[in-house]
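What follows is each chain in one-letter form.
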Amino acid sequence: MKKRPISCLLMLTAIVQSCNLFSPVDPLPPMVSKLELVDIKRTEITVSGNIQNPDAKNDRQEKKSGGILEYGIVYGTSAALDVQKDKVLKLGEKPAQVPILIQNQKITGLAADTRYFVALYARNEGGGMAYSEIVEVKTTLSPPIKVTRNSVKISNRSGLAYDLDEGNIVVSSDPKADVGIDIFTITGRGTTLSLESIGNLRLKTLGVAEYDKISYLDLALIQDLTTAGVGYLVNAQSANTVIAFRTGEGRLGKWRLENASANELTISLVTYDN
């Protein structure tokens, strides 16, 4: 008689478990990690993260949740991100393996000096949609400087040219050449410097200017850069002439022509990355 309550309890437990076995289960959305900011530039940011299947309580819930159908990055200028209204960078569908590692993914074409909100997203077969924790980031006003050269002396020679993207002396026939340089002397006049645009280089002479105070934004606002060459007489009044430019590869920069003689040119250079 004393064992009967225990038997009833065991039977009741078995009945409850049996009922749970057939009770409905809800599908779960995918699991999305926190987004990691890797790099921030003027028109581009780089992020990393990962996406996994949900932590289902049993096989039935795992099956009902199903595999991941689509995943990517959603971003916009409002914190209330939604793949239906904001910009989406779709990264894949039905991945062959999970977890999905998203490493150093670039988001390009952004506006400079602008605040963005960014998140990972993933959708699975069970209809679940998951977003990561939203990251707030502001793009920079100016891109990083790619090349800096200070008071570099360039010896005059036939076919002399310069690669403004890398800050290197090259010959005019080099595919990387941006500008051909010719220094020559005119009897009775003095030393003349002639610059020829190569490879779709566009430039403009700013005259003698305060080189260090010319910002990237100043360069970006110049509308009348041209492929026409530049030539002028070198003298005390023309020393430290500044030339603004955009290379054929799309980089903006400023170029100071500090001094020139028949045998040598002294320059300083700042070229910004895209």
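Rules and cut-offs
Residues numbered from 1 in each chain as written. Predicted model: local features only at pLDDT ≥ 70, side-chain atom pairs only at ≥ 80, totals over all residues. Heavy atoms only, no water. Patch = residues over 30% accessible without salt bridge, like charges linked within 9 Å, V, L, I, M, F, W, Y side chains within 5 Å. Areas by Shrake-Rupley, 256 points an atom, 1.4 Å probe, with all protein chains shown as cover. Salt bridge = Lys/Arg side-chain N within 4 Å of Asp/Glu carboxyl O. Helix = DSSP H or I, 4+ residues; strand = E, 2+ residues; numbered from the N terminus. Pairing = 2+ DSSP bridges. Axes fitted to C-alpha atoms, helices over the stretch in contact; angles between N-to-C directions. Buried < 20%, exposed > 50% of the residue type's maximum accessible area, 1.4 Å probe, protein only. Phe/Tyr/Trp six-rings, centres within 6.5 Å; stacked < 30°, edge-to-face > 60°.

Draft legend 1. Spotlight on a nonpolar patch on the surface. A grouping of Leu141, Leu217 and Leu221 is seen on the molecular surface, where their side chains present a nonpolar patch of about 290 Å² in accessible area. As for its position among the elements, Leu221 is in the loop between α3 (216-220) and β16 (230-233).

Draft legend 2. Representation of the sheet that holds strand β14 (residues 190-197). Read from one edge to the other, the open sheet built from 5 strands follows the order β12-β11-β13-β14-β16, with strand pairing classed as antiparallel. In this open sheet, the two edge strands, each paired with only one partner strand, are β12 (168-171) and β16. Strand-to-strand twist across the sheet, computed as the mean angle between neighbouring axes with direction ignored, equals 30°. Here strand β11 (residues 160-163) runs beside β12; their pairing, made up of 4 bridges, is antiparallel. If you follow Asp163 over to β12, its bridge partner there is Asn168.

Draft legend 3. Region of the structure containing the environment of Thr227. By secondary structure assignment, the location of Thr227 is in the loop between α3 and β16. We classify Thr227 as partly exposed; its relative accessible area is 39%. As a C-alpha pair, Thr227 and Leu201 span 26 residues in sequence and 6.0 Å in three-dimensional space.

Draft legend 4. Region of interest: the packing of aromatic side chains. For the structure on display, the rule yields 2 aromatic pairs. When the centroid spacing of 6.5 Å and the interplanar angle of 20° are considered together, the rings of Tyr162 and Trp255 count as stacked. In this pair, Tyr162 is assigned in strand β11 and Trp255 in strand β18 (residues 252-260), connecting sequence segments 93 residues apart. Tyr162 gets classed as buried once you look at its relative accessible area, which sits at 1%. Ring centres of Tyr216 and Tyr272 lie 5.1 Å apart, and the angle between their planes is 70°; on these two criteria the pair is classed as edge-to-face.

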